[in-house]
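These are the residues of each chain, in order.
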Amino acid sequence: MRAAHVVQPSADHPVDALRVGDLAAPQPPPGWVGVDVRAGALNMHDIWTLRGVAGRPRGGPHVIGSDAAGVADGRDVVVYPVLPTAPVGRAVAHATLLPDAGHGLLAERAVVPAGHLVPKPAALSWAEAACLPTAWLTAYRMLFTKSTVGPGRVVLVQGAGGGVATAAVGLAVAAGATVVVTSRSPAKRERALALGAAALDVGDRVPELADVVVETVGPATFAHSVRSTRAGGVIVMCGGTSGFTAPLDLPRLFAREITVHGSTMGTLDEFRALVDYVDTHRIRPAVDSVVDLADVRAQAARMLAGVAFGKLCVSLA
């Protein structure tokens, strides 16, 4: 089978660490099933893997990818990518993604726990369905578990083009919230308007303080996030594409009683709820582009350049 895998991680040249080649098809262990993957998508986690920062399985080739939609036992499915060793209940901290345990999904054939398959919404293409497991699940948890989003709520999304950001816009707009996004790119701000959001340049004053701020950028936007949050509001963070250390405006945080939440992926129940929500509201995930598996390195380079709007998808059909 063809698969995208890591040859030798490189902090300086991560794209060069990625190869597409023929590997032996995996055999499902007891309680697992095989999936014929039709489409996948890249995430920043894959870039960290190529840099040698994310977890790496012992022995054998390291196939990347935590997003996949495909066919299992004749059913069209989407894969929940968090291993069942995750803590029970609402917490998923320290959970292990399938590729970090040696079960990457960006391959023509993958194996996953049998209970981790959710029916694919018929209205979505394979690529659109493949957007859901990582970025969209992360955004869903941020909006509906770590905070409350619905009619009358104002949501600020920092960074208009990323996978989590475009997912947050789609989900929050469907929930009836007023959504504002930020981006330095006029083209991305224009595309955000088409998703139903208002758009500002990074650092611009928001027209109305936000009830919920979705933070994926980190130091470059965090001060603006604090300034833009209303009293009693919530900032939810799931990453830091601009770095991992930011000064805190402590007086504003405590005077406004702002809550800051960290958030990571989501539970299996949240994933089922997400897929149902997308299907019910007929949401179409924003797809930047779709390439054949042979061209996956171009998608990794595009992610590194920060020029994508929506998910960077890969076809394996």
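Residues numbered from 1 in each chain as written. Predicted model: local features only at pLDDT ≥ 70, side-chain atom pairs only at ≥ 80, totals over all residues. Heavy atoms only, no water.

### Side note on the sheet that holds strand 14 (residues 259-262)
Strand pairing in a sheet is mediated by backbone hydrogen bonds. Such pairs are either parallel or antiparallel.
Here is step 1 of the chain: The strand order across the open sheet built from six strands is 11-10-9-12-13-14, with neighbouring strands paired in parallel fashion. In this open sheet, the two edge strands, each paired with only one partner strand, are strand 11 (198-200) and strand 14. Strand-to-strand twist of the sheet, defined as the mean angle between neighbouring strand axes without regard to direction, takes the value 20°.
Here is step 2 of the chain: Bridge count for strand 9 (residues 154-158) against strand 12 (residues 210-215) is three bridges, and the pairing is parallel. When the sheet's bridge partners are listed, Val 155 is paired in strand 12 with Val 212.
Here is step 3 of the chain: Most of the contacts of helix 3 (residues 132-144) go to strand 12, to which it runs at about 155°, and overall it touches strand 9, strand 12 and strand 13 (229-237). (Pairing = 2+ DSSP bridges. Helix = DSSP H or I, 4+ residues; strand = E, 2+ residues; numbered from the N terminus. Axes fitted to C-alpha atoms, helices over the stretch in contact; angles between N-to-C directions. Contact = heavy atoms within 4.5 Å.)

### Notes on unusual backbone geometry
Here is step 1 of the chain: Unusually for a residue other than glycine, Asp 73 sits at a positive phi of about 55°.
Here is step 2 of the chain: For Asp 73, the location among the structural elements is in the loop between strand 5 (68-72) and strand 6 (75-79).
Here is step 3 of the chain: Although it is not a glycine, Glu 257 adopts a positive phi angle of roughly 55°.
Here is step 4 of the chain: Its location among the elements puts Glu 257 in the loop between helix 7 (250-255) and strand 14.

### Examining the pairing of strand 16 (residues 311-315)
Here is step 1 of the chain: Burial of strand 16 is extensive: four of the five residues sit out of reach of the surface.
Here is step 2 of the chain: Where strand 3 (residues 32-41) meets strand 16, three bridges bridge the pair, whose relative direction is antiparallel. Within strand 16, the residue paired with Ala 41 across the bridge is Cys 313.
Here is step 3 of the chain: Note: strand 15 (residues 287-292) against strand 16, five bridges, orientation parallel. The partner of Asp 292 across the bridge, within strand 16, is Ser 315. (Buried < 20%, exposed > 50% of the residue type's maximum accessible area, 1.4 Å probe, protein only.)

### Overview of the pattern of salt bridges
Here is step 1 of the chain: Summed over the entire model, instances satisfying the criterion amount to 14 salt bridges.
Here is step 2 of the chain: Notably, a salt bridge pairs Arg 2 with Glu 108, separated by 3.1 Å at the nearest N-O pair. Within this pair, whereas Arg 2 is found in strand 1 (residues 2-6), its partner Glu 108 is found in the loop between strand 6 and strand 7 (109-113), the two being separated by 106 residues in sequence.
Here is step 3 of the chain: Judged by its relative accessible area of 23%, Arg 2 falls in the partly exposed class.
Here is step 4 of the chain: Using a relative accessible area of 27% as the deciding quantity, one classes Glu 108 as partly exposed.
Here is step 5 of the chain: As a salt-bridge pair, Asp 36 and Arg 109 come within 2.9 Å of each other at their nearest N and O atoms. Taken together, the residues Asp 36 in strand 3 and Arg 109 in strand 7 connect sequence positions 73 residues apart.
Here is step 6 of the chain: For Arg 109, a relative accessible area of 28% gives the class partly exposed.
Here is step 7 of the chain: In the salt-bridge network here, residues are joined through shared partners; they are Arg 2, Glu 108 and Asp 292. (Salt bridge = Lys/Arg side-chain N within 4 Å of Asp/Glu carboxyl O.)

### Observations concerning the packing of aromatic side chains
Here is step 1 of the chain: Here the structure, examined in full by the defined rule, presents four aromatic pairs.
Here is step 2 of the chain: Ring geometry for Tyr 80 versus Phe 271: centroids 5.8 Å apart, planes at 35°, classification tilted. A residue pair is termed long-range when its members are at least 10 positions apart, and Tyr 80 in the loop between strand 6 and strand 7 and Phe 271 in helix 8 (residues 268-280) qualify at 191 residues.
Here is step 3 of the chain: Overall, the relative accessible area of 4% leaves Tyr 80 in the buried class. (Phe/Tyr/Trp six-rings, centres within 6.5 Å; stacked < 30°, edge-to-face > 60°.)

### Comments concerning the nonpolar core
Here is step 1 of the chain: In terms of nonpolar packing, the biggest core is built from 52 residues, with Trp 136, Val 155, Val 157, Leu 171, Phe 271 and Leu 274 touching the most fellow members.
Here is step 2 of the chain: At eight residues, helix 3 tops the list of elements feeding residues into this core.
Here is step 3 of the chain: In this structure, Leu 274 is in contact with Leu 132, Trp 136, Leu 137, Tyr 140 and Leu 171, ignoring residues within four places of it in sequence.
Here is step 4 of the chain: Residues Val 6, Val 35, Leu 83 and Leu 293 belong to the second largest nonpolar core, which totals 34 residues. (Core = buried A, V, L, I, M, F, W, Y, C linked by side-chain atoms within 4.5 Å.)

### Describing the sheet that holds strand 2 (residues 18-22)
Here is step 1 of the chain: Reading across from one edge, 2-1-4 is the order of the three strands in this open sheet, with antiparallel pairing throughout. Strands with a single pairing partner mark the edges of an open sheet, and in this sheet they are strand 2 and strand 4 (62-63).
Here is step 2 of the chain: Each of strand 1 and strand 2 is contacted by helix 9 (residues 296-305), which is oriented at about 160° to strand 2, the strand it contacts most.

### Section: the packing of helix 1 (residues 44-51) against helix 9
Here is step 1 of the chain: Interaxial distance between helix 1 and helix 9 falls to 10 Å at its minimum, and their mutual angle equals 100°. One way to sum up the angle between helix 1 and helix 9 is to call them roughly perpendicular. Taken together, the residues of helix 9 that come into contact with helix 1 (itself represented by Met 44, Ile 47 and Arg 51) are Ala 300, Met 303 and Leu 304.
Here is step 2 of the chain: Residues that form the contact of helix 1 with helix 9 fall into these classes: five nonpolar, no polar and one charged. (Parallel < 35°, antiparallel > 145°, perpendicular 65-115°, else oblique. Nonpolar A, V, L, I, M, F, W, Y, C, P; charged D, E, K, R; others polar.)

### Quick look at the pairing of strand 13
Here is step 1 of the chain: In terms of strand pairing, strand 12 meets strand 13 through five bridges, oriented parallel. Paired with Val 212 across the bridge in strand 13 is Val 234.
Here is step 2 of the chain: The parallel pair strand 12 and strand 13 is bridged by helix 6 (residues 222-227), and the resulting crossover is right-handed.
Here is step 3 of the chain: In the sheet, strand 13 pairs with strand 14 via four bridges, with the strands oriented parallel. In the sheet register, Val 236 faces strand 14, and the bridge partner there is His 261. (Right-handed = clockwise from strand over helix to strand, strands pointing away.)

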